[in-house]
There are 2 protein chains.
Amino acid sequence: MRPQIVLFGDSITEQSFMSGGWGAALVDSYTRKADVVVRGYSGYNTRWALFLLNHIFPRVDVITPVAVTVFFGANDAVLLGRTSEKQHVPIEEYKENLGKIVHHLKECSKTLSIILITPPPIDESGRQEYARLSYGDNAAELPERTNEMAGIYAEACCGVAKDLGVLSVDLWSKMQETEGWQKKFLSDGLHLTPEGNAVVHCEVVRVLNDAGLCAPEMPYDFPHHSVIDPEKPHEAFQLRSS
Amino acid sequence: MRPQIVLFGDSITEQSFMSGGWGAALVDSYTRKADVVVRGYSGYNTRWALFLLNHIFPRVDVITPVAVTVFFGANDAVLLGRTSEKQHVPIEEYKENLGKIVHHLKECSKTLSIILITPPPIDESGRQEYARLSYGDNAAELPERTNEMAGIYAEACCGVAKDLGVLSVDLWSKMQETEGWQKKFLSDGLHLTPEGNAVVHCEVVRVLNDAGLCAPEMPYDFPHHSVIDPEKPHEAFQLRSS
């Protein structure tokens, strides 16, 4: 009945319903107008995401979403030779995988809005602090992610979006426009603070608006209570989405 | 693929994805295990909710939820002769309407867990403050809701749940166990603060656990990243919900 917006991604998507999260804020922005479905998989890179495509987005489904955010790259961009290297995906394969995801989604629906979101910037000192808090003296000397490498993946992500004619949010660049982004937007050098979540929410809403999914202009699924006549409530419900 | 939990109710359900909201917290509690679908309709009472039943819960549907929270009564309990009286539903009809909702849901599925949630307590001075802030000198002298009346509806709600053999959360009583509940749990004498939302979240999770929907014991929809062998990722996905 309601159009569906699917959030497909890694931990930054999975955690988007924690307090102050961008996924929850999106539900609130589209209240009674669209459903937001979260499909976030902590730790996943684009290589592993491919295994989920046919299950999450079957080519023939009863409900095809109107928009999908594809938010991977933070794990693909993990450096080889550091902790977490098992999550690394080479840049060329990352681009290919994003392309496969976009092609699959396009096969599901020609009218679907696809939004590629780049990985956020990395606060390397924040990652090191987190590692020391988590592993103490066993923490690795060097962070497993660098901001430079995240930037390379972010640029590649935007390039794929441009080449394939889909929408994108360059989160890596956007966040770095704000002074003190390292601690303001990132809680552990990678994951988002409530302020960081607000940036993602704001950017996703902006792009959804551009795609014609502007919540204030979308109809309610059922009448607003103010238009229900208490003596003749059935009349409002005959109209349905007034 | 994932079991579905539907939140059906009035504004306290509709607003449950605002920052600190109980709906969003429920999504987070059941992350990668169950989908939480919000069907909250601000201002609605049980009389108007009946018009939605066949649409939101068609008797024959591709997906039948495993649990539904039914959270009405705050508007039914509005006093006659005060502002908002158009939302009032007499207590006997409120009980009948709740019964109709429960019967309808039981027809959808025999295994569905139905959870009736009572209206929260009312902080009458909070309601008056809110009215003065909203309407200034035009604010009514007397609040449109009283805690005593909310209590009568809450008791009726628990009675219906008991009579029909479904689950319930007596939010009206639960919240009043805490000293200072008026300002601690209610932002405007009726709607919830983040602390109030936490009480609802906690109570709903407790009842869902009792109903066998205990998140820690439920399977992930797809493998946790730690069990994926980077050399042979397909193996983890052959198992699916490991």
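In this convention, every chain numbers its residues from 1, walking through the sequence in written order. Throughout, the order in which chains and ligands are written sets their labels, letters from A for the former and numbers from 1 for the latter. Totals for whole chains, interfaces and linings use all residues, but because this is a predicted model, local features are given only for residues with pLDDT of at least 70 and pairs of side-chain atoms are given and counted only at 80 or more. For side-chain calculations, the full set of non-hydrogen atoms in the structure is used, while hydrogens and water are omitted.

Caption draft 1: Quick peek at the packing of aromatic side chains. Stacked, tilted and edge-to-face are the three classes applied to pairs of Phe, Tyr and Trp rings, where Trp contributes its six-membered ring and a pair requires centres within 6.5 Å; stacked means planes under 30 degrees apart, edge-to-face means over 60, and tilted covers the rest. This structure, assessed with the given rule, holds 19 aromatic pairs over all chains. For the ring pair Trp22(A) and Phe71(A), a centre distance of 5.9 Å and an interplane angle of 55° mean the geometry is tilted. Placement of the pair is Trp22(A) in helix α2 (residues 22-29) and Phe71(A) in strand β3 (residues 67-71), with a sequence separation of 49 residues. By the burial criterion, Trp22(A) is buried, and Phe71(A) matches it. Taken together, a centroid distance of 5.8 Å and an interplanar angle of 70° make the contact between Phe222(A) and Tyr41(B) edge-to-face. Taken together, the residues Phe222(A) in the loop between α10 (194-210) and α11 (233-239) and Tyr41(B) in the loop between β2 (35-40) and α3 (46-49) connect one chain to another. With respect to class, Phe222(A) is no different from Tyr41(B); both count as buried. What links up through ring pairs into an aromatic cluster is the set Tyr41(A), Tyr44(A), Trp48(A), Phe51(A), Phe222(B) and Phe237(B). Over the aromatic face of Tyr220(A) sits the side chain of Lys33(A), whose NZ or CZ is 4.8 Å from the ring centroid. Each helix is a run of H or I in the DSSP string that is no shorter than four residues. Each strand is a run of E no shorter than two, and both are numbered from the N terminus. Note on classification: 1.4 Å probe, protein chains only; a residue is buried when its accessible area is under 20% of the maximum for its type, exposed when over 50%, partly exposed between these limits. Two conditions define a charge located above a ring, namely a distance within 6 Å from the ring centre to NZ of Lys or CZ of Arg, and an angle within 35 degrees of the ring normal.

Caption draft 2: Structural view of the pairing of strand β4 (residues 113-117) of chain A. Residues and elements named next belong to chain A. The element β4 is largely enclosed, with a buried count of five among its five residues. Covered by surrounding structure in β4 are Ser113, Ile115 and Ile117 together with Ile114 and Leu116, the residues of both alternating faces. A pair of strands is considered paired only if DSSP assigns at least 2 bridges between the two. One ladder, built from four bridges, connects β3 with β4; its direction is parallel. Bridge pairing in β4 links Val70 to Leu116. Handedness is read with the strands pointing away from the viewer; a crossover is right-handed when the path from the first strand over the helix to the second is clockwise. A crossover connection joins β3 to the parallel β4 through helix α5 (residues 91-108); in handedness this β-α-β unit is right-handed. Relative to strand β5 (residues 167-169), β4 is paired through three bridges, and the arrangement is parallel. Opposite Leu116, over in β5, you have Ser168 as the bridge partner.

Caption draft 3: Representation of the pattern of salt bridges in the model. All names here are of chain A. Definition used for salt bridges: Asp or Glu carboxyl oxygen within 4 Å of a side-chain nitrogen of Lys or Arg. Tallied over the full model, the rule gives 32 salt bridges over all chains. Here Asp123 makes a salt bridge to Lys183, at a shortest N to O gap of 2.7 Å. Of this pair, Asp123 sits in the loop between β4 and α6 (124-135) while Lys183 sits in helix α9 (residues 181-184), and the two are 60 residues apart along the sequence. Since its relative accessible area comes to 6%, Asp123 is described here as buried.

Caption draft 4: Up close: the nonpolar core. The set of buried Ala, Val, Leu, Ile, Met, Phe, Trp, Tyr and Cys residues whose side-chain atoms join them within 4.5 Å is what this entry labels a nonpolar core. The biggest cluster of nonpolar side chains holds 72 residues, and the ones touching the most others in it are Phe17(A) and Phe17(B). In what follows, a contact means two residues having at least one pair of non-hydrogen atoms within 4.5 Å. Once you skip the residues sitting within four places of it in the chain, Phe17(B) turns out to touch Phe17(A), Ala24(A), Ala25(A), Val27(A), Asp28(A), Leu7(B), Gly23(B), Ala24(B), Val27(B), Val36(B) and Val38(B).

That is the geometry; function is a separate question.
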